[in-house]
Amino acid sequence: MITATGLSKRYGAKTAVNDITFTVQPGRVTGFLGPNGAGKSTTMRMIVGLDRPSAGTVTVNGKPYAEHKAPLREVGALLDAKAVHTGRTAENHLLAMAATHGIGRKRVAEVIELTGLESVARKRVGGFSLGMGQRLGIAAALLGDPATLLLDEPVNGLDPEGVLWVRRLVRHLADEGRTVFLSSHLMSEMALTADHLIVLGKGEVIVDAPVSDVIAGGTRPRVRVRSPHSSQLADLLAAPEVAIVRSEGGVLEVTGHEASVIGDLAAANGLALHELTTQSASLEEAYMALTADVVEYRTEAVR
Ligand SMILES: Nc1ncnc2c1ncn2[C@@H]1O[C@H](COP(=O)(O)OP(=O)(O)OP(=O)(O)O)[C@@H](O)[C@H]1O
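For the protein, an unreviewed UniProt entry supplies the name ATP-binding cassette domain-containing protein and the organism Agromyces protaetiae. One UniProt comment on the protein, placed under Sequence similarities (unreviewed entry), says "Belongs to the ABC transporter superfamily."

So this is what it looks like as structure tokens:
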């Protein structure tokens with residue numbers, strides 16, 4: 001479990017993190033989101049004692065990181081996959097880390113296997129691709145079999161098979177009762193991986209809620225209807241709070257009516273339907289709506 005209470009970090013005049021309070025619960029995957037510069041990396045660094053809070057506290061499994069006698073056994077962190085001695089082999093890197101905590105060769109071999117690094121374990125890390133570096137970072141995070149995992153952009157640089165592997169791995173770790181806290185800029189991936197979301201904007205928590213609530217709250221569901229009588233149907237569906245977009249092939253995109261209402265209305269008027277689908281809203285849309293006011297580095301629309 002990770003608990004932040006009134007946590008702040010200032011760099012000179014710049015407030016990177018402003019009085020945030022949140023708990024990352026065990027047994028579920030919590031996604032950590034926010035626009036560039038929102039304070040995610042700063043928060044993660046404070047969690048693992050790499051940055052000192054200007055105010056407030058953050059604990060991992062009940063204690064500040066620095067007070068744990070064997071921190072690798074409490075929290076495994078993937079913060080910067082490139083922060084590895086490039087002259088070492090992957091195996092030697094893991095053995096060196098393991099030695100600081102009295103972790104044996106057997107566990108090193110286990111995490112190498114778990115992360116699919118067997119074929120490159122004796123190669124120098126300097127020659128690793130981004131994806132291999134990520135796998136090594138995840139292997140290092142898992143080394144101490146920790147109850148809490150902190151993964152900053154774990155799918156960065158991974159191929160589709162690697163992305164799927166991370167998704168399954170974090171799900172498995174959460175199902176074992178561990179606390180999993182991960183950041184990603186890939187909303188579609190986050191929607192598939194996380195159970196709960198904490199969203200930062202300009203150093204403050206703007207959302208702390210289940211993924212399903214975030215998606216449902218940020219967007220109105222759309223229903224796609226296809227009918228040979230689409231014009232007649234559109235006239236019947238028209239109402240002040242209802243938006244209808246007509247497309248080719250007798251397709252209507254309806255916002256403001258549930259699929260059941262549309263189906264019943266069509267049946268009552270003897271209008272055949274060839275398709276009636278509720279389009280699930282995307283996390284990306286909900287996220288964009290939520291963070292529209294807190295984006296610090298705005299880009300111009302491409303013309
Ligand atoms: N060492 C530092 N000195 C001064 N300012 C800093 C320092 N580290 C971070 N900042 C500032 O603090 C703010 C938060 O940065 P942080 O890297 O935590 O954001 P982030 O949410 O991780 O962003 P990104 O998605 O781009 O990684 C930014 O405005 C950043 O410029």
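That covers the picture; the talk isn't over yet.
Right, let's talk about the environment of Ala234 for a bit. Within the fold, Ala234 resides in helix 9 (residues 230–237). Its 18 C-beta neighbours within 10 Å are what place Ala234 among the partly exposed residues. The sequence separation of Ala234 and Arg73 amounts to 161 residues, and the corresponding C-alpha distance is 61 Å. Aside from chain neighbours lying at most four places away, what touches Ala234 is Ile244, Arg246 and Leu252.

Glancing now at the nonpolar core. Leu94, Ala139 and Leu143 are the most contacted members of the largest nonpolar core, which totals 66 residues. Looking at which element gives the most residues to this core, the answer is helix 5 (residues 130–142), with 7 residues. Those residues in contact with Leu94, other than ones at most four positions away along the chain, are Val108, Val111, Ile112, Ala139, Ala140 and Leu143. By size, the runner-up hydrophobic cluster in this structure holds 7 residues, among which are Val223, Leu233, Ile262 and Ala266.

Let's shift gears to the sheet that holds strand 4 (residues 55–60). Strand order in the open sheet made by the 3 strands is 2-1-4, with antiparallel pairing throughout. Bordering the open sheet on either side are strand 2 (14–24) and strand 4, each of which pairs with just one other strand. Averaged over all pairs of adjacent strands, the angle between strand axes in this sheet comes to 20°, irrespective of strand direction. Relative to strand 2, strand 1 (residues 2–11) runs antiparallel, the two being bridged by 7 bridges. Each residue of the ladder has a partner; that of Lys9, found in strand 2, is Val17.

A separate point is the site of the ligand. Near the ligand you find Tyr11, Lys14, Ala16, Gly34, Asn36, Gly37, Ala38, Gly39, Lys40, Ser41 and Thr42, and these make up its full shell. Going through the elements one at a time, strand 2 and helix 1 (40–47) are the ones with two or more residues in the shell around the ligand. Considering every element that reaches the shell around the ligand, the biggest residue donor is helix 1, with 3 residues. Within the shell around the ligand, the residues separate by chemical class into 3 nonpolar, 6 polar and 2 charged.

Excluding glycine, a negative phi dihedral is what most residues carry, and trans is how most peptide bonds are arranged. With phi around 55°, Asp19 is a residue other than glycine that occupies positive phi space. The backbone phi angle of Asp145 is positive, close to 50°, even though this residue is not glycine. Inspection of the secondary structure assignment puts Asp145 in the loop between helix 5 and strand 6 (148–152).

Here the focus is the sheet that holds strand 12 (residues 251–255). One open sheet accounts for 4 strands, arranged 11-12-10-13; its pairing is antiparallel. In the strand order of this sheet, the two ends are held by strand 11 (243–247) and strand 13 (275–279), each with one partner. This sheet shows a mean twist of 20° between the axes of neighbouring strands, independent of strand direction. Where strand 10 (residues 222–226) meets strand 12, 5 bridges bridge the pair, whose relative direction is antiparallel. By the bridge assignment, Arg226 is partnered in strand 12 with Val251. Lying on the sheet, helix 10 (residues 259–268) is in contact with strand 10, strand 12 and strand 13; it crosses strand 13 at an angle near 165°.

Thresholds applied
Residues numbered from 1 in each chain as written. Predicted model: local features only at pLDDT ≥ 70, side-chain atom pairs only at ≥ 80, totals over all residues. UniProt positions renumbered as here; feature names shortened; annotations may be inferred. Helix = DSSP H or I, 4+ residues; strand = E, 2+ residues; numbered from the N terminus. Buried ≥ 20, exposed ≤ 12 C-beta atoms within 10 Å, placed from the backbone. Contact = placed C-beta atoms within 7 Å. Core = buried A, V, L, I, M, F, W, Y, C linked by C-beta atoms within 7 Å. Pairing = 2+ DSSP bridges. Axes fitted to C-alpha atoms, helices over the stretch in contact; angles between N-to-C directions. Near = placed C-beta within 6 Å. Nonpolar A, V, L, I, M, F, W, Y, C, P; charged D, E, K, R; others polar.

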